[in-house]
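# What the coordinates show
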Amino acid sequence: MSSLSGKVQTVLGPIHPEQLGRTLTHEHLSMTFECCYCPPPAHQGTLSDAPILMKNLFWVKQNPYSNKENLLLSQEIEAITEEIMIFKAAGGGSIVENTTTGISRDIKMLKKMAEKTGVNIISGAGFYVDATHSSSTRSMTVEQLTEVLVNEVLQGADGTNIKCGIIGEIGCSWPLTESEKKVLQATAEAQSQLGCPVNIHPGRNSDAPFHIIQILQEAGADISKTVMSHLDRTIFDETKLLEFAKLGSYLEYDLFGTEMLNYQFNQAVDMPSDNDRIKMLRLLINEGYEDRIVVSHDIHTKNRLLKYGGHGYSHILNNIVPKMLVRGISQQCVDKILLENPKQWLTFK
Ligand SMILES: CCC(=O)NCCS(=O)(=O)O
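Residues numbered from 1 in each chain as written. Predicted model: local features only at pLDDT ≥ 70, side-chain atom pairs only at ≥ 80, totals over all residues. Heavy atoms only, no water.

Put simply, the rule is: UniProt positions are given in the numbering used here, feature names are shortened, and annotations may be inferred rather than shown by experiment.
An unreviewed UniProt entry lists the protein chain under the name N-acetyltaurine hydrolase, with Xenopus tropicalis given as the organism. UniProt, in the comment section headed Sequence similarities (unreviewed entry), describes the protein chain in these words: "Belongs to the metallo-dependent hydrolases superfamily. Phosphotriesterase family."

Pasting the structure below:
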């Protein structure tokens, strides 16, 4: 195991796990998402290049991936820094920043934000989905990819000496591509060398999380230190969700605050509401999985910021926690989800 054993690695260096406090396990503080631009229907075409204004905000909320400006979170550093302070005032301690190579990770900026706000920021190593892989990434062997991941954790990312504290979010499409499969195998290998936390972005199909866990397991990963993200848009059937829970990963509900009529990336899906998400958490808790749940907002577009009338990074602490308590989830269980489970996950073995 590495010298990081028993520690959590933030962009400002290793800390003791007790210093984390309430932790959002899946956010973005600076990224771009042009790779996932969805052209709007022809009669709404002019809205794709429009600035975000009060009069088109409802349209942007329903079509977040069709407005080009909305995809540039990296332009909002000042607003986001202020919003991290609001998260801190609401009782937040740490944010895991899951931006990986392909969607414009800016690890120097993350360090500045951590210095300014006093909130711990943990940065992610690795690669987003295949559509963003460079030709050089695609041509690498599993061994070469492993070396990149290990270096981002032990030496620093993007030519800096600022180090990542998790591997992920590792992007997977559906069906999984060859390049993504190699990255998963490299993730497993790097994780067994480092004993580090891993976060996976599954493809948009309910079989995707199962397939990914199988690949990771075969390559030697520690599934108990792996988070499966975006379950709220991936597995809807309760029996299937409980089957997946048995595999032993952390179960992440990370789209809190996202409520929309049409899910642009998969029209077959009815995006759940926050109340639906809380019902799924209750199901998992009642079935004994309270040690495995983590939650977040996965803010990745501008419209979700307070500045644009969105819910911001403090929504879970200010609005979701009180509703969880009203719906019979105990304070002890809420604390597990926001404090204990992230702490266990983020601590290097
Ligand atoms: C980079 C952010 C990201 O990938 N978020 C997941 C969006 S969705 O696939 O759940 O719609």
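Moving on, there is more to tell.
## Thoughts on the overall build of the protein chain
The cut-off we apply is this: Labels follow the DSSP assignment, with helices taken as runs of H or I lasting at least four residues and strands as runs of E lasting at least two, numbered in each case from the N terminus. Residue burial is assigned from relative accessible area. The probe radius is 1.4 Å, only protein chains are included, and a residue is buried under 20% of its type maximum, exposed over 50%, and partly exposed in between. Throughout, a contact is declared for two residues whenever any of their heavy atoms are within 4.5 Å. Exposure was quantified through the Shrake-Rupley algorithm and a 1.4 Å probe, taking into account, for residues, occlusion by the shown protein chains and nothing else. Residues counted as positive are Lys and Arg, residues counted as negative are Asp and Glu, and His and the chain ends are not counted. To locate a charge, take NZ of a lysine, CZ of an arginine, CG of an aspartate or CD of a glutamate.
Of the regular secondary structure elements, the protein chain holds 11 helices and 10 strands. A principal-axis box enclosing the C-alpha atoms of the protein chain has dimensions of 55 × 50 × 45 Å. With 349 residues in all, the protein chain has 60% of them scored as buried. Long-range pairs, those at least 24 residues apart, make up 76% of the contacts in the protein chain between residues at least 6 apart in sequence. In the structure as shown, the protein chain presents an accessible area of about 13,600 Å², 50% of it carried by carbon and sulfur atoms. Of the charged side chains in the protein chain, 32 are positive and 40 negative; the average position of the first set lies 3 Å away from that of the second.

## Some points on the sheet that holds strand β9 (residues 250-253)
Our working rule: Think of it this way: DSSP has to see at least two bridges between two strands before they count as a pair. Note on geometry: axes are lines fitted to C-alpha atoms, helical ones only across the stretch in contact, with angles between N-to-C directions running from 0 to 180 degrees.
Strands sit in the order β3-β4-β5-β6-β7-β8-β9-β10 across an open sheet of eight strands; the sheet is parallel. The open sheet terminates on both sides in strands that have one partner only, identified here as β3 (22-27) and β10 (293-295). Between one strand axis and the next, the sheet turns through 25 degrees on average, direction left out of account. For strand β6 (residues 166-171) and strand β7 (residues 198-201), the ladder comprises three bridges, and the chain directions are parallel. Bridge pairing links I170 to I200 in β7.

## Structural notes on the layout of surface pockets
For the record, the criterion: With a 1 Å grid laid over protein atoms only, a set of points is called a cavity when a 1.4 Å probe fits there but cannot get out and a pocket when it is open yet has protein on both sides within 12 Å along at least five of seven lines; lining residues have an atom within 4 Å of a point. Grid points are joined across faces, edges and corners, and a volume is the space filled by probe spheres set on the points. Under the scheme applied here, ten amino acids are nonpolar (Ala, Val, Leu, Ile, Met, Phe, Trp, Tyr, Cys and Pro), four are charged (Asp, Glu, Lys and Arg), and all others, including Gly, are polar.
Its volume calculated, the largest pocket comes out at about 270 Å³. Each residue belonging to the lining of the largest pocket can be placed in one class, and the counts come to six nonpolar, eight polar and three charged. Roughly 170 Å³ of volume is contained in the second largest pocket. As for the second largest pocket, its lining consists of C35, C36, Y128, V129, A131, C172, S173, W174, H201, P202, G203 and R204. Here the lining of the second largest pocket is composed, by residue class, of eight nonpolar, three polar and one charged.

## A few points about the side chain of Q62
Basically, it comes down to this: Counting of polar contacts relies on pairs of N or O atoms within 3.5 Å, with two restrictions inside protein: one atom must be capable of donating a hydrogen and the other of accepting it, and residues adjacent in sequence are counted only when both atoms are side-chain atoms.
Take Q62: it is sitting in helix α1 (residues 57-62). Overall, the relative accessible area of 15% leaves Q62 in the buried class. Among the polar contacts listed, one links the side chain of Q62 to the backbone nitrogen of L261, at a separation of 3.0 Å. When sequence neighbours within four positions are dropped, the list of residues in contact with Q62 reads M260, L261, N262 and Q264.

## Remarks on the site of the ligand
Condition: A single heavy atom is enough: if one lies within 4 Å of a molecule or strand, its residue is considered near that molecule or strand. Whether a molecule lies in a cavity or pocket depends on its atoms, and more than half of them have to be within 2 Å of the grid points.
What surrounds the ligand is a group of 15 residues, the closest being Y128, R204, R233, Y263 and D298. A distance of 3.3 Å separates an oxygen atom of the ligand from a polar side-chain atom of H201. Side-chain polar atom of D298 to a nitrogen atom of the ligand: 2.7 Å apart, as the coordinates give it. In the complex, the protein chains occlude 99% of the 330 Å² of accessible area that the ligand would expose alone. More than half of the atoms belonging to the ligand lie within 2 Å of the grid points that define the largest cavity. Taken together, the residues of the shell around the ligand break down into seven nonpolar, four polar and four charged.

## Section: the packing of helix α9 (residues 274-286) against helix α10 (residues 315-326)
Formally: Should an angle fall under 35 degrees it is taken as roughly parallel, and over 145 as roughly antiparallel, whereas 65 to 115 is taken as roughly perpendicular and any remaining angle as oblique. Crossing handedness follows the turn of the near helix against the far one: under a right angle anticlockwise gives a left-handed crossing, and clockwise gives a right-handed one.
It is at 11 Å that the axes of α9 and α10 come closest, and there the two elements cross at 60 degrees. Classified by the angle their axes make, α9 and α10 are oblique. Like other packed secondary-structure pairs, α9 and α10 cross with a definite hand, here right-handed. Contacts between α9 and α10 involve D274, N275, I278 and L281 on the former and, on the latter, H315, I320, K323 and M324.

## A short note on the packing of helix α7 (residues 208-218) against helix α8 (residues 238-245)
Relative orientation of the contacting elements α7 and α8 amounts to 15 degrees, with a least axis distance of 10 Å. With respect to α8, the element α7 is oriented roughly parallel. Classified by chirality, the crossing of α8 by α7 is left-handed. For the pair α7 and α8, contact is made by P209, F210 and I213 and by K240, E243 and F244, respectively. Residue composition of the contact of α7 with α8, by class: four nonpolar, no polar and two charged.

## A word on the side chain of T137
Along the chain, T137 falls in helix α4 (residues 135-139). Among the polar contacts listed, one links the side chain of T137 to the side chain of S134, at a separation of 3.0 Å. Those residues within four positions of T137 in sequence are excluded, and the remaining contacts are F127 and L145.

## Description of the pairing of β9
To keep things clear, this is the line we draw: Think of it like this: strands point away, you trace from the first strand over the helix to the second, and a clockwise trace means the crossover is right-handed.
Burial of β9 is two-sided: the residues Y250 and E252 facing one way and the residues L251 and Y253 facing the other way are all buried. Examined bridge by bridge, strand β8 (residues 226-228) and β9 share two bridges and lie parallel to one another. When the sheet's bridge partners are listed, V227 is paired in β9 with Y250. Each parallel crossover has a hand, and for β8 linked through α8 to β9 it is right-handed.

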